[in-house]
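Chain by chain, the residues run as shown.
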Amino acid sequence: WFHKPVVNEELLQSLPNLKIVASAGVGIDHLDMKLLSSRGVKVSNTPFVVSTDTADLGVALMLASSRRIVEGHQIAVSPDTRHFPADLLGTGVSGATLGIVGMGTIGYKVAQRARAFEMKILYHSRRQRNKEEEGAVGAIYCNKIDDLLQQSDFVLLSVNLTPQTHKLIGKRELELMKPTATLINISRGLVVDQDALVEALQNGVIKAAALDVTHPEPLPRDHPLLKLQNVVLTPHIGSATRQTRQRMMEGMLESIQAALAGLPIPNEVL
């Protein structure tokens, strides 16, 4: 659970009869798939069970950042507060443009929720959704990520971490975004160049960021992201509800039992 123990050469040598590594969540970037395959070890994950809660958190981060909920809470509970400020102004979500990078299961569920806020939805993804799926949420496909970045008020990242998505959002991409835009990351920390993000947030290149993921996790306690007022951080809790974590564990056990019985493995990662 939580990628422990580390599955490396040393561990595999100590487990010559290992049949399967059952991994919680969607991402498998912490696993050396070539190494596991070379030893005939199967891998499974729990991709679909996490999507609803992770999409909910993506929307929650968008709302928390845009309406400055964390700042508002701090003011409301501070022993030094004598009156509430009249200028704690946020950014409206309803009617704004949301750009979703990665329209997989999670990204699509975010779009379904954003539809209720009457948002204009743009998306960039490896695979374009069919017309019926696009029409159901009013999503418009952007063949180039640059077009999405330039138009969006909120940019939400929901992609797997791969060599192609490593630091997908860097200095160039941040400078393409509106100075009033917010970056939301519910995928993996390494999808964003954090040094470039800090610089962009400090210099007003973009307005704000809301991050459920960073690299490393947790960040060093002196990291500049922890000190910025225009950043909302949560501790990688996209799937962290009692119901979903229970279903994740049940799914992992089903995969393990199938592997030991020589049966087809649910959610096997090939």
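In the nomenclature of an unreviewed UniProt entry, the protein chain is known as Glyoxylate reductase/hydroxypyruvate reductase of Eubucco bourcierii. Under the heading Sequence similarities (unreviewed entry), UniProt records this for the protein chain: "Belongs to the D-isomer specific 2-hydroxyacid dehydrogenase family."

A. View of a nonpolar patch on the surface. A contiguous nonpolar surface patch, about 350 Å² in accessible area, is contributed by Met249, Leu253, Ile256 and Leu260. With respect to the secondary-structure elements, Met249 resides in helix α10 (residues 242–261).

B. Seen up close, the pattern of salt bridges. This structure, assessed with the given rule, holds 12 salt bridges. Taking the shortest distance from any N to any O, the salt bridge between Lys171 and Glu199 comes out at 3.6 Å. Of this pair, Lys171 sits in helix α8 (residues 171–176) while Glu199 sits in helix α9 (residues 194–202); the two residues are 28 residues apart in sequence, bridging distant segments of the chain. Assessed through its relative accessible area of 47%, Lys171 is described here as partly exposed.

C. The arrangement of the side chain of Glu71 in detail. Inspection of the secondary structure assignment puts Glu71 in helix α4 (residues 69–77). Polar side-chain contacts of Glu71 include one of 3.0 Å to the side chain of Arg68. In this structure Glu71 touches Leu88 and Gln229, once residues within four positions along its chain are discounted.

Procedures and definitions
- Residues numbered from 1 in each chain as written.
- Predicted model: local features only at pLDDT ≥ 70, side-chain atom pairs only at ≥ 80, totals over all residues.
- Heavy atoms only, no water.
- UniProt positions renumbered as here; feature names shortened; annotations may be inferred.
- Patch = residues over 30% accessible without salt bridge, like charges linked within 9 Å, V, L, I, M, F, W, Y side chains within 5 Å.
- Areas by Shrake-Rupley, 256 points an atom, 1.4 Å probe, with all protein chains shown as cover.
- Salt bridge = Lys/Arg side-chain N within 4 Å of Asp/Glu carboxyl O.
- Helix = DSSP H or I, 4+ residues; strand = E, 2+ residues; numbered from the N terminus.
- Buried < 20%, exposed > 50% of the residue type's maximum accessible area, 1.4 Å probe, protein only.
- Polar contact = N/O pair within 3.5 Å; in protein donor to acceptor, adjacent residues only side chain to side chain.
- Contact = heavy atoms within 4.5 Å.

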